[in-house]
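Each chain, letter by letter, is given below.
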Amino acid sequence: MRPTPILMYHSINDDKNPLSVSKSNFEKQMLYLYKNKYETINFEKLSENIDKKRIIITFDDGYKNLIENALPILKKFNFTAVCFFVSNHIGKYNFWDEKKKNFSKLNLMSLKDIKNWLSNDMSVGSHTSDHYNLRNISENEKIKQIYEPKLFFKKNFNISIDYFSYPF
């Protein structure tokens with residue numbers, strides 16, 4: 001069985017944010033994968049013993065620009081991806097980066113955007129409730145940060161969240 005690489009992105013945008021990959025660069029990367037016959041899979045298929053070139057595409061934080069910039073490119077190449085959301089900040093912005101040098105505010109997807117993401121055969125996962133560094137909080141708060149997003153997505157979208165991307 002071939003190993004399955006996991007590509008992790010944050011923002012797909014033509015801004016100067018260090019977390020952003022430009023739209024044209026992202027499209028070139030997806031074109032490379034397409035031309036080289038990679039198939040995108042989700043985590044459920046990771047254990048299947050298939051001898052194809054497979055890859056998992058992920059996005060941390062749930063930036064709104066993914067709907068505008070990444071989704072059309074993913075659809076163009078018939079690729080899927082998973083986005084890991086910060087459940088208490090859906091529809092808000094990346095407050096966790098405010099103290100960083102060269103901070104630029106990036107809007108996060110709304111509930112409507114997430115519904116659109118899901119309706120386009122994309123997947124979702126958790127990136128905690130509040131994007132805290134789990135090394136710096138109590139065990140009880142860690143449990144809360146990991147468990148509450150599961151409840152959020154069950155309540156709002158009637159889906160189970162089985163995947164978690166660790167912040168920081």
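Residues numbered from 1 in each chain as written. Predicted model: local features only at pLDDT ≥ 70, side-chain atom pairs only at ≥ 80, totals over all residues. Heavy atoms only, no water.

Before going further, it helps to examine unusual backbone geometry. For Lys37, which is not glycine, the phi torsion reads 60° and is therefore positive. Tracing the chain through its elements places Lys37 in the loop between helix 1 (23–35) and strand 4 (39–40). The exposure class of Lys37 is exposed, given its relative accessible area of 68%. For Asp61, which is not glycine, the phi torsion reads 90° and is therefore positive. Summarising the element assignment, Asp61 is placed in strand 5 (residues 54–61). According to the relative accessible area criterion, Asp61 is buried, its value standing at 2%. (Helix = DSSP H or I, 4+ residues; strand = E, 2+ residues; numbered from the N terminus. Buried < 20%, exposed > 50% of the residue type's maximum accessible area, 1.4 Å probe, protein only.)

With that settled, the discussion passes to the side chain of Asn120. Relative to the elements of secondary structure, Asn120 occurs in the loop between helix 3 (111–119) and strand 7 (123–126). Overall, the relative accessible area of 17% leaves Asn120 in the buried class. When residues no more than four places from it in sequence are discounted, the contact partners of Asn120 are Leu71 and Lys75. (Contact = heavy atoms within 4.5 Å.)

Here we take up a nonpolar patch on the surface. On the surface, Ile143, Tyr147 and Leu151 cluster together into a nonpolar patch covering about 310 Å² of accessible area. The residue Leu151 is located in helix 4 (residues 139–157) in this model. (Patch = residues over 30% accessible without salt bridge, like charges linked within 9 Å, V, L, I, M, F, W, Y side chains within 5 Å. Areas by Shrake-Rupley, 256 points an atom, 1.4 Å probe, with all protein chains shown as cover. Salt bridge = Lys/Arg side-chain N within 4 Å of Asp/Glu carboxyl O.)

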